[in-house]
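Single-letter residue listing:
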Amino acid sequence: MHNTSINTDLTRRPNTSTYLAQLDKRAFLFGRAFVILALLLSALILQTAIASQTSQLDARNAKYQYRPIYHKVRSGEYLGKIASRYKTTITKLRHWNKLKPGSVLPAGRVIQVGVKRVTAAGKLSGSKRYYTVRKGDSLSSIARRHRISLATLRKWNGFKKGQVLPAGKRLVVGFTQSKKKAAPPIKKGTRWLAITSHTKVKLPLNYNPPKAQLLDFNNKYYNLRLFAESFRQGKAVYLELLPRNPLPTRSVAEHSGLSISFLGQSIPLTKTAYGYRAFLALPPNKKPGQYPLIIQGQVVGQNYRISHRIPIMDTKFPVSVWRQNVGAPGSKKNSKPPDPKIAALIKKSTIKKNQVFRLRTNDKIGSRLAHPRDLHKVTSQFYTIRKYVRYYYENKKRIYLKSFSRPHRGLDLRGRTGEPIYAMLDGTVAAAQRMFYEGNFTVIDHGNGIFTGYMHQSRLHVKEGESVLAGQMIGQSGSTGMSTGPHLHMSLWIRGVALDPLSILCLPVR
Ligand SMILES: [Zn+2]
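Residues numbered from 1 in each chain as written. Predicted model: local features only at pLDDT ≥ 70, side-chain atom pairs only at ≥ 80, totals over all residues.

A. Spatial organisation of the overall build of the protein chain. Assigned secondary structure in the protein chain consists of eight helices and 31 strands. Within the protein chain, buried positions represent 23% of all 510 residues. If you take every contact in the protein chain between residues at least 6 apart in sequence, the share linking residues at least 24 apart comes to 69%. (Helix = DSSP H or I, 4+ residues; strand = E, 2+ residues; numbered from the N terminus. Buried ≥ 20, exposed ≤ 12 C-beta atoms within 10 Å, placed from the backbone. Contact = placed C-beta atoms within 7 Å.)

Dropping the structure here:
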């Protein structure tokens, strides 16, 4: 049908040579009249050209419009979650939706979560998407399938009402949003970096540890050096004590009965070629201030007891709000009997953890350290204060329970399922098994009450009792246990105090 109409058009076109011959005859006959006509015609063309140029400029100015993108709030969603889903900020969400800080987002409410760029003609900007018409298709079925209106489909393809749809025709059915040029993907991989002449650290290509801060104390008995990323809450401290001979006449002086205490605890010391070393914890929940580090010992018949003031400065830990619909008390959701299998796994996990964290073995730490991943991307900071806001519905009204806060005692690092996990320090595997909350969980004992823990792994590569080296692959990241998506939850404990695991990477351990 379509083809027939084109053929008809062709037959109507005049024969070119006859047409020109006719023109010549008329020009000769009408001479001057034709010249005037030509002048008028060219003036008209010029005017049209100017007009079209102006309209092109207008079109360029009004090329784009910005239209809102909307989102329907689901139960349990909160601003932070929505902001991260749509790659925007809480501030922008508040601004677009006129939300006051602390105001509640009711489920079902439609809010603006972004803007999309459309051309002034109402089309999405970007490259066209096509669909080839198949037998049995109708305009409305195509529109429905591509989630556009019938009117839009007609407009994009220049269709008139009642026009028949030819099979095999290519129709414009949408526009691919032109995205900003995506940032080049972060290069995965690791390298060993010498942070001092004796300490090497395995690091992802996109991460460098900060330089360690040093507190240096000297007296006639010893030189005491303390290193930390910073002397702040949640950081690990590396201590070296280099004994001195207080008497110039004696070449060798053995210090005996040496002991160090900090925050009411005795600090285990390791004897080395240069003296002694130890690790300390600056607890994340310790009130900022100055705390005494007391060193006692005996050398050539002299007893000494010296107190040094160690600062613990404030760390601004981030706060995040977690909203949870916990279901009405006595509702189906809350009256489910606990699964005995789960209860047994929780019990077994607790017993194992208690057994592991009580271990006090010899120092196993060498002069090599490692970041636990081959790519550095923090998805939840260490000690983020998670405020849990719990509620349930009663007669469609939201009833709030008392909220509570829990700190995040580890660091979440990006790790897709199957990506490598490395031991942060030398040590012995104290546990490598499935646990209820932690999923596939590896705990490495580094001696002197220092442990690292690696949670939610998809695969475990080491067994309990095995010796591991810093930088050795011990497993693969995943989302096992209580986890909302693949990542590595990394923990560091120094004698029961949870610390920022990455704070050890700048320490000049030897
Ligand atoms: Zn975590």
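From this point, the discussion proceeds with the structure in view.
B. Summary view of the pairing of strand β10 (residues 256–262). Pairing geometry for β10 and strand β14 (residues 289–299), over five bridges, is antiparallel. When the sheet's bridge partners are listed, Phe262 is paired in β14 with Leu293. Linking β10 back to strand β11 (residues 265–267) in an antiparallel pair, the connection comprises two residues, with Leu263 at a positive phi of about 50°. (Pairing = 2+ DSSP bridges.)

C. Representation of the environment of Arg390. Along the polypeptide, Arg390 turns up in strand β19 (residues 385–394). Taking C-alpha positions, Arg390 is 6.0 Å from Tyr400, a pair spaced 10 residues apart along the chain. Not counting the four nearest positions on each side in its chain, Arg390 is found in contact with Gln324, Val326, Leu401 and Ser403.

D. The nonpolar core, seen in detail. By size, the foremost hydrophobic cluster in this structure holds 68 residues, and its most contacted members are Ala236, Val237, Leu369, Ala423 and Ile494. Contacts of Ala423, omitting those with residues within four sequence positions, involve Ala370, Ile444, Val468, Leu469, Ala470, Gly471, Gln472 and Ile474. (Core = buried A, V, L, I, M, F, W, Y, C linked by C-beta atoms within 7 Å.)

E. Focus on the sheet that holds strand β7 (residues 213–218). The strand order across the open sheet built from five strands is β7-β8-β9-β13-β12, with neighbouring strands paired in antiparallel fashion. Only two strands of the sheet have a single partner each, and these edge strands are β7 and β12 (270–271). Bridging between β7 and strand β8 (residues 222–228) involves six bridges; their strand directions are antiparallel. Following the sheet pairing, Asp216 is matched in β8 by Arg225.

F. Summary view of the environment of Lys235. With respect to the helices and strands, Lys235 occurs in the loop between β8 and β9 (236–243). Sequence separation of Lys235 and Pro284 is 49 residues, and the distance between their C-alpha atoms is 7.6 Å. Those residues within four positions of Lys235 in sequence are excluded, and the remaining contacts are Ala228, Glu229, Ser230, Leu282, Leu499, Asp500 and Ser503.

G. How the structure looks around unusual backbone geometry. Phi at Asn395 takes a positive value of approximately 50°, unusual for a residue other than glycine. What makes Asn395 exposed here is the crowd of 5 C-beta atoms within 10 Å. One non-glycine residue, Asn448, lies in positive phi territory at about 55°. Topologically, Asn448 is positioned in the loop between β25 (439–447) and β26 (450–457).

H. View of the pairing of strand β6 (residues 200–204). With four of five residues buried, β6 lies mostly within the body of the structure. Summarising the sheet, strand β5 (residues 190–194) and β6 pair through five bridges and their orientation is antiparallel. The partner of Thr190 across the bridge, within β6, is Pro204. Linking β5 to β6, which pair antiparallel, is a turn of five residues. Bridge analysis of β6 against strand β17 (residues 368–370) gives three bridges, and the strand direction is parallel. When the sheet's bridge partners are listed, Lys202 is paired in β17 with Ala370.

I. Structural detail: the sheet that holds strand β15 (residues 302–312). Strand order in the open sheet formed by four strands is β11-β10-β14-β15, with antiparallel pairing between adjacent strands. Unpaired on one side and paired on the other, β11 and β15 mark the two borders of the sheet. Each neighbouring strand pair of the sheet contributes to a mean axis angle of 25°, computed without reference to strand direction. (Axes fitted to C-alpha atoms, helices over the stretch in contact; angles between N-to-C directions.)

J. Seen up close, the confidence of the model for the protein chain. When pLDDT is averaged along the protein chain, the result is 84; 83% of the residues meet or exceed 70. Every residue in residues 1–30 is under pLDDT 50, and counting partners more than four places away or in other chains gives four contacts. Long-range and interchain partners of residues 48–62, a stretch whose pLDDT sits below 50, account for one contact in this model, where long-range means more than four residues apart. (pLDDT = per-residue confidence, 0-100.)

K. Quick peek at the environment of Gln433. Position of Gln433 relative to the elements: it lies in strand β24 (residues 427–435). Using a count of 15 C-beta atoms within 10 Å as the deciding quantity, one classes Gln433 as partly exposed. Distance in space between the C-alpha atoms of Gln433 and Arg459 is 9.9 Å, their sequence separation being 26 residues.

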